[in-house]
Amino acid sequence: MEFNKTSQQKLKLSLLATAMVLALSACDGDDGTDGVDGTDGAPGQDGTPGQDGTPGQDGTPGFASATFLVANNGDDNRNTVTSIDQNANVLSTVTTGANEGIVFTQSGSLVQAGDSDLPLLRTLCNFEAQADYMMSTGHEITGATTGLVNPKGIAFAENAGLVMVADFNGQKVSVFGGQAAGNVAPIAEIMTSAKPWDVAYDEQSDRLFVALTDGTLAVYDNVAGSDFAPTVMRSVVPSDADGNQISINLHGIAYEPMSNRMVLSDVGDAAIADDGQIFVLENVSTADGAVVPSRVIGGASTQLGNPVDIVLTGSDLRVAEKSNDAILVFSNIFNGASGDVAPTLSTPSVKPESLAELTQLNEMKDASDDGITTMPIMGLSVSSNPASEGATTGQVAQYSAVLSSELSTFDAGMSIESAAFTASGDGVITFDDVETSTGGLLVINRLNAMRDGMMYSDSFDHMIAGSDTGLIAPKGLDIASEAGVVFVADVNEATPAVRVFSPCASGNVAPLLTLEAANGARPWDVDYDPSTDSAYLALTNGSVAVFEEVMRKMESGETVITGEDRLIVPASGGTAFAAPTNIHGIDYDSQSDSLVISDVGSAADATDGKLYVIPGAGSADGITDVSVNIAGPNSTLGNPVDLMLSNGHVYVAEKSNGMILRFDNILNAASGDITPSFSMMYPAPESVNVLSVK
């Protein structure tokens with residue numbers, strides 16, 4: 001592999017390194033005149049001998065407990081990622097099928113670049129629970145349309161859900177949506193002045209840093225704000241005090257936004273195993289031109305030959321040292337003298353290519369799983385599904401909590417059913433095609449906050465569809481973000497079931513699990529409760545099927561569960577409600593142990609809808625009296641097809657009357673013909689979903 005460098009740069013580096021070595025190693029030169037003896041110091045204490053009487057070995061440095069990921073790129077370990085502890089002891093290894101840059105996202109996904117075969121970007125969701133890459137729990141971007149040539153280092157913008165990749169031989173930075181999959185075009189390509197190796201992105205400041213292999217650091221401002229066409233690029237050049245460039249071939253990059261400091265690794269000549277360097281740059285966000293590093297580390301003791309990647313944890317810098325097969329740790333990287341500094345810790349590692357910290361994830365609690373705790377919300381999401389195509393066909397809109405104003409809209413580009421959201425803000429939308437008797441899922445990148453006025457795009461989003469999915473007429477759905485799955489109610493007559501997928505999967509994939517209610521009962525909606533590991537299925541025969549220990553059974557290897565554990569039949573005075581009964585919307589709240597459900601009655605009648613609350617639902621079985629029963633003309637309930645409980649209030653999608661309704665304090669509400677607390681008109685609403693504030 002060749003890199004852009006000059007003999008002059010080599011000479012300057014050699015002179016600088018020689019000067020540092022001489023300054024730090026004067027004991028190897030001729031003795032000078034003896035100076036005046038200093039005052040004797042206090043005698044040191046004897047060390048503790050080993051059991052055999054020999055001195056004990058130095059202990060391992062006391063790093064804080066942590067887990068790191070190492071992308072391997074050797075002949076025998078290529079396309080694997082190894083988990084190590086803070087001292088680089090191996091914990092486990094996963095076959096990812098990719099060999100280059102890695103990043104671990106706040107939602108628990110591993111995103112990795114690869115160029116060992118076809119260039120690709122691969123995502124493994126719910127990574128800590130994975131053994132190897134599987135299409136059923138991951139997706140990839142690859143193919144001619146992607147424009148990828150040699151993807152190396154990557155960065156992930158958490159709020160926008162964007163992957164930015166340094167494409168070495170493509171001489172560009174490519175940007176893709178975090179949910180893009182397949183042979184898709186990038187959102188944008190930012191051409192670079194030299195071949196890039198790694199990137200860092202400060203999302204708050206919208207600033208992109210690119211480590212270039214000509215030894216310079218490219219800095220772009222207003223990246224997303226300019227629709228990824230930044231007009232100004234600053235070139236930062238690590239230099240000596242005289243303004244002479246001392247960098248040769250930048251690879252690793254780590255930015256600390258709080259202190260505005262940058263650490264860069266330089267491999268020098270890739271064929272030489274002892275000329276690597278580390279640079280620390282101050283005030284890098286505004287730097288331009290020649291910059292004197294506040295610290296330069298290089299020389300034989302450093303073990304730096306080809307430091308291809310770095311990761312910063314506090315002030316500890318970990319280095320993937322590829323040519324010398326090691327993981328190096330330099331503590332207190334921002335302070336201390338420059339020169340030939342030995343690493344605090346060096347641990348053997350065969351051809352490490354990239355590093356990432358396996359950070360502690362925040363609890364990924366879904367808004368649908370907390371129905372009565374008072375909490376701020378972003379608003380309410382509503383999907384529209386008119387019988388004939390209209391202005392709102394395929395629309396997912398957001399409204400304020402009191403239904404007074406529209407906040408944003410998104411166009412799915414097709415007729416859709418219901419929409420739900422992951423804890424990270426990605427959307428999952430069901431769709432079906434009556435003419436072809438096929439259905440599927442759209443997985444929309446950051447639908448909750450970043451897609452106002454936009455449409456479905458392969459560069460951002462992906463689809464789950466095909467014969468293997470079993471999806472024919474999917475309707476309601478519920479997401480369990482912590483488990484990394486989506487429950488989808490498929491109401492089709494021939495094979496009705498709730499099918500469970502990873503929303504990370506793409507294309508024609510089989511469900512991870514299928515829940516089949518007894519006697520061919522058809523589910524319209526589903527609510528999964530992670531606290532009890534139970535799934536509640538709203539059945540069109542007027543009852544609720546409850547499946548227990550759902551995820552435990554799936555994780556133990558079961559793929560189909562036939563027959564519910566309990567069947568709840570709504571009743572009054574011990575008598576089941578008379579037909580027509582047809583349960584659609586459903587939400588179980590574990591804190592109050594209450595089940596809120598809606599009954600559309602006859603789909604052809606726009607006046608016979610009902611809203612029920614069932615207490616003690618976590619153990620209810622058989623005929624069960626409701627504690628709240630709301631119906632009548634004042635309620636405007638005709639076909640309440642979906643609902644969601646939040647802050648003790650229930651939001652209802654009233655389809656036949658074209659309304660969104662909110663009934664406050666529903667668990668303690670009076671029964672009867674109750675007027676909604678808030679309401680608004682909306683064409684053919686199919687689903688409602690409360691958006692929590694992250």
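This one's a predicted model, so the numbers in the text were calculated from it and none came from an experiment. (Residues numbered from 1 in each chain as written. Predicted model: local features only at pLDDT ≥ 70, side-chain atom pairs only at ≥ 80, totals over all residues. Heavy atoms only, no water.)

## Comments concerning the environment of Met-414
Rule in force here: A run of DSSP states H or I qualifies as a helix once it reaches four residues; a run of E qualifies as a strand once it reaches two. Both are numbered from the N-terminal end. Partly exposed residues are those whose accessible area sits between 20% and 50% of the maximum for their type, while under 20% is buried and over 50% is exposed, using a 1.4 Å probe and protein chains only. Contacts are assigned to residue pairs that have any heavy atoms within 4.5 Å of one another.
Along the chain, the position of Met-414 falls in the loop between β28 (406-411) and β29 (419-421). The exposure class assigned to Met-414 is partly exposed, which follows from its relative accessible area of 27%. Along the primary structure Met-414 and Gln-395 are separated by 19 residues, whereas in three dimensions their C-alpha atoms are 8.7 Å apart. The contacts of Met-414, once residues within four sequence positions are left out, are Thr-393, Gly-394, Phe-431, Leu-442 and Met-463.

## What to know about the sheet that holds strand β19 (residues 289-291)
Rules: For two strands to be treated as a pair, DSSP must find no fewer than two bridges joining them. For every element, the axis is a line fit to its C-alpha atoms; helices are fit only across the contacting stretch, and the angle between N-to-C directions ranges from 0 to 180 degrees.
Spatially, the five strands line up as an open sheet ordered β12-β13-β14-β15-β19, and their pairing is mixed. The open sheet has two free edges, formed respectively by β12 (196-202) and β19, since each of these has just one partner strand. Each adjacent strand pair in this sheet contributes to an overall mean axis angle of 25 degrees, direction not counted. Note that β12 and strand β13 (residues 207-212) share six bridges and pair antiparallel. For Asp-198, the partnering residue across the bridge sits in β13 and is Ala-211.

## Focus on the confidence of the model for the chain
What counts, and what does not: Per residue, pLDDT captures the predictor's confidence, and it can take any value from 0 to 100.
The predicted model of the chain has a mean per-residue pLDDT of 90, with 91% of residues at 70 or higher. In the predicted structure, residues 1-57 sits below a pLDDT of 50 and forms 35 contacts with residues beyond four places in sequence or in another chain.

## Observations regarding the sheet that holds strand β2 (residues 80-85)
Strand order in the open sheet formed by four strands is β3-β2-β1-β25, and the pairing between neighbours is antiparallel. Here the strands that pair on one side only, and so sit at the sheet edges, are β3 (90-95) and β25 (352-357). Strand-to-strand twist across the sheet, computed as the mean angle between neighbouring axes with direction ignored, equals 25 degrees. Pairing of strand β1 (residues 67-72) with β2 involves six bridges; the strand directions are antiparallel. Bridging from a neighbouring strand, Ala-71 pairs with Val-81 of β2.

## Quick word on the pattern of salt bridges
Put simply, the test is: By salt bridge we mean one thing: a side-chain nitrogen of Lys or Arg within 4 Å of a carboxyl oxygen of Asp or Glu.
Following the criterion strictly, the structure yields 20 salt bridges and no others. Linking Asp-75 and Arg-78 is a salt bridge whose minimum nitrogen-to-oxygen distance equals 3.8 Å. Judged by relative accessible area, which is 71%, Asp-75 ranks as exposed. Note on Arg-78: relative accessible area 33%, which makes it partly exposed.

## Some thoughts on the pairing of strand β42 (residues 566-572)
Note: strand β40 (residues 544-548) against β42, three bridges, orientation antiparallel. Paired with Val-546 across the two strands is Arg-566, which belongs to β42. Sheet topology places β42 next to strand β47 (residues 622-625); four bridges connect them, and they run parallel. Among the inter-strand pairings, Ala-571 is bridged to a residue of β47, identified as Asp-625. Looking at chain direction, β42 and strand β43 (residues 575-576) are connected through two bridges and run antiparallel. When the sheet's bridge partners are listed, Ala-571 is paired in β43 with Ala-576. Hairpin connection, β42 to β43: the antiparallel pair is bridged by two residues, and Gly-573 has positive phi, about 60 degrees.

## Side note on the pairing of strand β34 (residues 474-480)
For β34, the buried fraction is high: seven of the seven residues fall into the buried class. Relative to strand β35 (residues 485-490), β34 runs antiparallel, the two sharing five bridges. Across the sheet, residue Ala-480 finds its bridge partner in β35, namely Val-485. The antiparallel pairing of β34 with β35 creates a hairpin that spans four residues between the two strands, and Gly-484 there sits at a positive phi of about 70 degrees.

## Things to note about the state of the cysteines
Keep this limit in mind: Sulfur atoms of two cysteines make up a disulfide when they are within 2.5 Å.
With the rule as written, the count across this model stands at one disulfide. Paired through a disulfide, Cys-125 and Cys-504 show a sulfur-sulfur distance of 2.0 Å. On the sign convention where negative means left-handed, the S-S torsion of about 70 degrees between Cys-125 and Cys-504 marks this disulfide as right-handed. With Cys-125 in the loop between β6 (120-124) and β7 (138-142) and Cys-504 in the loop between β36 (497-501) and β37 (513-516), this pair connects stretches of sequence that are 379 residues apart. Residue class for Cys-125 comes out buried when judged on its relative accessible area of 15%.

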